[in-house]
Amino acid sequence: MTGLSTHVLDAVRGVPAEGVAVWLMRGDQRLTEALTDADGRVKELAAGLNPGDYRLFFDTGSYFAAQGTETFYPEVCVAFTVGEQPHLHVPLLLSPFAYSTYRGS
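Residues numbered from 1 in each chain as written. Predicted model: local features only at pLDDT ≥ 70, side-chain atom pairs only at ≥ 80, totals over all residues. Heavy atoms only, no water.

Student: Just checking my understanding: could you explain the overall build of the protein for this structure?
Tutor: Per the secondary structure count, the protein includes 1 helix and 9 strands. Moving toward the C terminus, one meets the helices and strands of the protein in the order β-β-β-β-β-β-α-β-β-β. Referenced to the eigenvectors of the C-alpha coordinate spread, the extents of the protein come out at roughly 40 × 25 × 20 Å. Expressed as a percentage of the 105 residues in the protein, the buried residues total 41%. Looking at the protein as shown, the accessible area adds up to about 5,700 Å², and 52% of this sits on carbon and sulfur atoms. Averaging the coordinates of the 7 positive side-chain charges in the protein and doing the same for the 12 negative ones gives two points 4 Å apart. (Helix = DSSP H or I, 4+ residues; strand = E, 2+ residues; numbered from the N terminus. Buried < 20%, exposed > 50% of the residue type's maximum accessible area, 1.4 Å probe, protein only. Areas by Shrake-Rupley, 256 points an atom, 1.4 Å probe, with all protein chains shown as cover. Lys, Arg positive; Asp, Glu negative; His and termini not counted. Charge placed at Lys NZ, Arg CZ, Asp CG, Glu CD.)

Student: I'm lost on the environment of Pro96 in this one. Help?
Tutor: The residue Pro96 is located in the loop between β8 (87-95) and β9 (98-101) in this model. Note on Pro96: relative accessible area 10%, which makes it buried. On a C-alpha basis, the gap between Pro96 and Phe72 in space is 6.1 Å, while along the polypeptide they are 24 residues apart. Ignoring anything within four residues of it in the chain, the contact list for Pro96 reads Val12, Phe64, Thr69, Glu70, Thr71, Phe72 and Tyr73. (Contact = heavy atoms within 4.5 Å.)

Student: Is there a simple way to explain the pairing of strand β1 (residues 2-10) in this structure?
Tutor: Regular strands show a simple pattern: their side chains alternate between the two faces of the sheet. Most of β1 is tucked away, with 8 of its 9 residues classed as buried. One ladder, built from 4 bridges, connects β1 with strand β5 (residues 41-49); its direction is antiparallel. Note on β5: the bridge partner recorded for Thr6 is Val42. Pairing analysis gives 8 bridges linking β1 to β8, with the strands arranged parallel. Paired with Leu4 across the two strands is Leu88, which belongs to β8. Alignment of β1 against strand β2 (residues 15-16), held across 2 bridges, turns out to be antiparallel. Its bridge partner lying in β2, Leu9 is registered against Pro16. Where β1 folds back on β2, the antiparallel hairpin that results is connected by 4 residues, among which Gly14 adopts a positive phi of roughly 70°. (Pairing = 2+ DSSP bridges.)

Student: Even after reading the chapter, I still don't get the sheet that holds strand β4 (residues 29-35), so can you show me in this structure?
Tutor: Neighbouring strands of a sheet are bound in pairs by backbone hydrogen bonds; such pairs are parallel or else antiparallel. What the 4 strands build is an open sheet, ordered β4-β3-β6-β7; its pairing is antiparallel. Strand pairing shows two members of the sheet lacking a second neighbour, β4 and β7 (76-82), which therefore form its edges. Pairwise comparison of adjacent strand axes, ignoring direction, gives a mean angle of 20° for this sheet. (Axes fitted to C-alpha atoms, helices over the stretch in contact; angles between N-to-C directions.)

That's the geometry; what it means functionally is another story.
In structure tokens:
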């Protein structure tokens, strides 16, 4: 069983992205949701994930709207596969017109 955490960094402002709504889905089922903390993190979004395909959503539109910033991406979806790892970390580097993600540790 695998645990999951995430971290959102605002690449334009150079700060953690606090208050971003994040939710995890498997198929059509929403498994869990949270808001990023002052450090831009959700330290334990999920625990006990079984192997398979998941989607992690970030409500980037609301985050940028709260700053009065226009964005091209109202939402970011990161699809990934859980295997036998004990923990996965999925960071998101974010700007209004681009984003990047990777498998963290």
